[in-house]
Amino acid sequence: MPRSLTAKLIGPPLLWFLLSAATFPSATSAADLTGRWLNEETVPDGNTTQIVIVFQQTGSHLGGKIIFSWGELRISNGSTDGKTFKFDLMTPADDKNPAKYEGTIQGDELQVISHWPGNNNTAYTAKRTSNTMGDPPARIALPALHPVPYNGLAATPPMGWNSWNHFEGRVSDAVVREIADAMASNGMRDAGYIYINIDDTWEGKRDAAGNIQSNNKFPDMKALADYVHGKGMKLGIYSSPGPKTCGGYEGSYGHEQQDAKTYAQWGIDYLKYDWCSAGRIYRNEDLRAVYQKMGDALQATGRPIVYSLCEYGMDDPWKWGPSVGANLWRTTGDITDHWSALDYTGFAQNDLAPYAAPGHWNDPDMLEVGNGGMTDDEYRAHMSLWALLAAPLLAGNDIRTMSAATREILLNPEVVAVDQDPAGHQAKRISKQGDLEVWARPLSDGFQAVGLFNRSAATAQVTVRWSDLGLSGTQDVRDLWTHKTTASVRDGYSQLVPIHGVVFLKIVPVK
Ligand code: GLA
């Protein structure tokens, strides 16, 4: 789910200062917090974002909501002692771990510290306001449903890079060019990582004719596309069907055809289309028609553009994604660079296997490999699970400075080959003993890729039995990470698997 871009990330010392400020007597005044509190920030690319906290105070109890550009979340467990306040926000991405908010009250100003699961603390100021952030624009009627023809793209899961996981709002023309240079020379392009996808925060204002323009971080999008194409790669972009993107930038609402044409003129090859503030106008049952609108608009341009839906799995997009012309659809909330996020979403994909097929993929979100929040064992499990799930492989790290270990994980040809297997079958869980799981994916050569996963917090022996794979007799076992083959193995195969790690195998029957 969207993280707020407006507020600065802060480290522990500043957090400590802000928390200790809560004890200063001058911060005291038994205020009634009922009302609206506005945080407004303009970032260097010229975009202004707003967050409005709406409090309703009854005694020491605090209720209300927070309005972000992409939607509203309800406040729960809120309380105040007149000097400080705290509350929880249940985020759509994770119904177990709420975002935690706390802060101090200084007259007509709040010092707010938020902690979203998997993210650093964020601090900002909110001032008392009568600003209502405006009602969302009027609802534009939606077209009748009809099938959008398949665009013929993404015969195997898309591979490339996306700016969001590492760069968030710091992506720029220069970053994209340097990433393209790195990918063209470090083997990634040649291994199949060809899409370079700019995520949120590239958008500027519309011109007088309503044409979307890039902001000052991207002086010339067409020139950038030419540059990326010149390196033998493709360029992707991002927008929302709502008036605002999740980061609070200009969305495509009411400009779908115009924006699709602009993208085609620039030479764009991939669109990630993120629900965000469409949720302020439309309901969940409208998702299909909303996404169909852009599906039609992309096809009308005549340019082959991969169409990637981002709707956090709302309304089962795997059931209707192909009918709106989509090549992939998100099945989960946002990944973060922590084992808990991976563990929570990655292993929850079992039921979606029937919906993956060439041209149409389940998308459990982009890779975090190399971003530093997990061990290399965890990153190998991440990469192996994504390969088994036939998931898009969109690296989300800083390719320019990645370590040799990260490069080896992203570029392992035997693992990439499983992901890119042309039959496009998605793996299923074939056995589970507590936190030890075996997943298997049938491959086009008739053999099987098998992952032995250890989700527990201790090294453990994990076993795959041939009978669970529908096999008997002896098998050659190829280890896709050590690149070694154990010949003629009977009945099954056991290995010690590190904490949160994987042993990733290809099983080949001995003739
Ligand atoms: C949402 C998406 C993310 C990213 C951000 C950008 O949270 O799910 O993948 O695109 O928006 O604001």
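Residues numbered from 1 in each chain as written. Predicted model: local features only at pLDDT ≥ 70, side-chain atom pairs only at ≥ 80, totals over all residues. Heavy atoms only, no water.

Focus: the overall build of the protein chain
The test is simple: Strands here mean DSSP runs of E at least two residues long; helices mean DSSP runs of H or I at least four residues long; both are numbered from the N terminus. Values of the radius of gyration come from C-alpha atoms, whereas the globule rule sets the reference at 2.2 Å times the count of residues to the power 0.38. Classification of residues uses two cut-offs on accessible area relative to the type maximum, computed with a 1.4 Å probe and protein chains only: under 20% is buried, over 50% is exposed, and between them is partly exposed. Whether two residues are in contact is decided by their heavy atoms: any pair within 4.5 Å suffices. To measure how exposed things are, a 1.4 Å probe is used in the Shrake-Rupley method; for residues, cover is taken only from the protein chains shown. Positive residues here are Lys and Arg, negative ones are Asp and Glu, while His and the chain termini are left out of the count. For charged residues, the charge sits on one atom: NZ in Lys, CZ in Arg, CG in Asp, CD in Glu.
For the protein chain, the count of helices and strands is 12 helices and 27 strands. By the compact-globule yardstick of 24 Å for 511 residues, the protein chain fits well, its C-alpha radius of gyration being 24 Å. For the protein chain, the C-alpha atoms occupy an extent of roughly 80 × 55 × 45 Å along the three principal directions. By the burial criterion, 56% of the 511 residues in the protein chain qualify as buried. Considering only intrachain contacts with a sequence separation of at least 6, the fraction spanning at least 24 residues in the protein chain is 65%. Accessible area for the protein chain stands at about 20,100 Å²; split by element, carbon and sulfur atoms hold 52% of it. Side-chain charges in the protein chain split into 45 positive and 57 negative, and the spacing between the mean points of these groups amounts to 1 Å.

Concerning the sheet that holds strand β27 (residues 502-509)
The line we're drawing: Strand pairing requires that DSSP identify at least two bridges connecting the strands. The axes are straight lines fitted to the C-alpha atoms, using for helices just the contacting stretch, and the angles between their N-to-C directions are given from 0 to 180°.
Taken in spatial order, the six strands line up as β20-β21-β22-β27-β24-β25 in an open sheet, and their pairing is antiparallel. Of all the strands in the sheet, just β20 (428-433) and β25 (484-490) have a single pairing partner and so form its edges. In this sheet, neighbouring strand axes are inclined to one another by 25° on average, regardless of whether the strands run parallel or antiparallel. Two elements, strand β24 (residues 474-479) and β25, share five bridges in a ladder whose sense is antiparallel. Of the residues in β25, the one forming a bridge with V477 is T486. Along the sheet face, helix α10 (residues 376-388) touches β21 (436-442), β22 (448-454) and β27 and points at about 145° away from the line of β22.

Focus on the sheet that holds strand β16 (residues 306-310)
As a general point, the strands of a sheet are linked pairwise by backbone hydrogen bonds and lie either parallel or antiparallel. In space, the eight strands of this open sheet follow the order β18-β17-β16-β15-β14-β11-β10-β19, with parallel pairing throughout. The open sheet has two free edges, formed respectively by β18 (361-363) and β19 (393-395), since each of these has just one partner strand. Looking at each pair of strands side by side, their axes are set apart by 25° on average, direction ignored. Pairing geometry for strand β14 (residues 234-239) and strand β15 (residues 270-274), over four bridges, is parallel. From the neighbouring strand, G236 faces β15, where its bridge partner is Y270.

Remarks on the confidence of the model for the protein chain
What counts is decided by this rule: Values of pLDDT, which run from 0 to 100, indicate the predictor's confidence residue by residue.
Residues of the protein chain with pLDDT of at least 70 account for 93%, and the chain-wide mean is 91. In the predicted structure, residues 1-29 sits below a pLDDT of 50 and forms 57 contacts with residues beyond four places in sequence or in another chain.

Some remarks on the packing of aromatic side chains
Our working rule: Pairs were defined over the aromatic rings of Phe, Tyr and Trp, the Trp ring being its six-membered one, requiring ring centres within 6.5 Å. Orientation was assigned from the angle between planes: stacked under 30 degrees, edge-to-face over 60, tilted for the rest. Placement of a charge over a ring requires the Lys NZ or Arg CZ to be within 6 Å of the ring centre, with the centre-to-atom vector within 35 degrees of the ring normal.
Across all of its chains, the model carries 18 aromatic pairs by this definition. Between F55 and F87 the ring centres are 5.7 Å apart and the planes differ by 80°, which places this aromatic pair in the edge-to-face class. Of the two residues, F55 is situated in strand β3 (residues 48-58) and F87 in strand β6 (residues 84-91); the sequence distance between them amounts to 32 residues. Directly above the ring of Y227 sits R177, whose terminal nitrogen or CZ lies 4.8 Å from the centroid.

A short note on the site of the ligand
To keep things clear, this is the line we draw: Residues are counted as near a molecule or strand when any one of their heavy atoms sits within 4 Å of it. By the criterion applied in these results, polar contacts are pairs of N or O atoms within 3.5 Å in which, for protein atoms, one can donate a hydrogen and the other can accept it, and in which residues neighboring in sequence qualify only through two side-chain atoms. For this scheme, ten residues count as nonpolar: Ala, Val, Leu, Ile, Met, Phe, Trp, Tyr, Cys and Pro. Four count as charged, namely Asp, Glu, Lys and Arg, and the remainder, Gly too, count as polar.
Near the ligand lie 15 residues; those nearest to it are D199, D200, K272, D274 and D334. With respect to the ligand, the side chain of D200 contributes an N or O atom lying 2.9 Å from an oxygen atom. Calculation on the ligand without its partners gives an accessible area of 310 Å², and the protein chains cover 99% of this total. By residue class, the composition of the shell around the ligand is eight nonpolar, one polar and six charged.

Quick look at the pattern of salt bridges
For clarity, the threshold we go by: Here a salt bridge means any side-chain nitrogen of Lys or Arg lying within 4 Å of a carboxyl oxygen belonging to Asp or Glu.
The final tally for this structure, using the stated rule, is 28 salt bridges. Between R139 and D286 there is a salt bridge, and its shortest N-O distance comes to 2.8 Å. Residue R139 is found in the loop between β9 (121-129) and β10 (159-162), and its partner D286 is found in the loop between β15 and α7 (287-300); the two are separated by 147 residues along the sequence. Note on R139: relative accessible area 46%, which makes it partly exposed. In this structure, R400 engages E178 in a salt bridge whose closest nitrogen and oxygen atoms are separated by 2.7 Å. Placement of R400 in the loop between β19 and α11 (404-411) and of E178 in helix α3 (residues 173-185) is noted, with a sequence separation of 222 residues between them.

Overview of the packing of α10 against α11
Going by this rule: Oblique is the label for any angle not under 35 degrees, not over 145, and not in the 65 to 115 range, which are roughly parallel, roughly antiparallel and roughly perpendicular in turn. Less than a right angle of anticlockwise turn of the near helix away from the far helix marks a crossing as left-handed, whereas a clockwise turn marks it as right-handed.
Two numbers describe how α10 lies on α11: the axes approach to 10 Å, and their chain directions differ by 20°. In terms of axis orientation, α10 runs roughly parallel to α11. The chirality of how α10 crosses α11 is right-handed. On α11, the residues touching D376, Y379, R380 and M383 of α10 are A405, I409 and L410. Among the residues forming the contact of α10 with α11, the class breakdown is five nonpolar, no polar and two charged.

Comments concerning helix α6 (residues 256-266)
Within the sequence span of α6, burial applies to E256, D259, A260, T262, Y263, A264 and W266. Those residues of α6 that are buried are in contact with β12 (203-206), β13 (212-214), α5 (221-230), β14, β15 and α7. Directly beyond the C-terminal end of α6, a positive phi value near 95° is found at G267.

With respect to the side chain of T336
Locating T336 in the fold gives a position in the loop between β17 (328-330) and α9 (339-346). The buried category is assigned to T336, whose relative accessible area is 9%. With near-sequence residues (within four places) excluded, T336 lies in contact with P117, G118, N119, A341, E368 and M374.

Examining the domain arrangement of the protein chain
Which entries qualify depends on this criterion: Residue ranges for the domains originate in an automatic or database domain assignment. Take the accessible area each of two parts loses on contact, using a 1.4 Å probe, and add the two losses: that sum is the buried area.
As far as domains go, the protein chain holds domain 1 (7-129), domain 2 (159-419) and domain 3 (428-509). Of note, the centres of domain 2 and domain 3, computed from C-alpha atoms alone, are 31 Å apart. Listed per partner, the contact involves 24 residues of domain 2 and 22 residues of domain 3. If you sort the residues of domain 2 by the area they bury against domain 3, F347, L388 and E414 come out on top, with a joint share of 32%.

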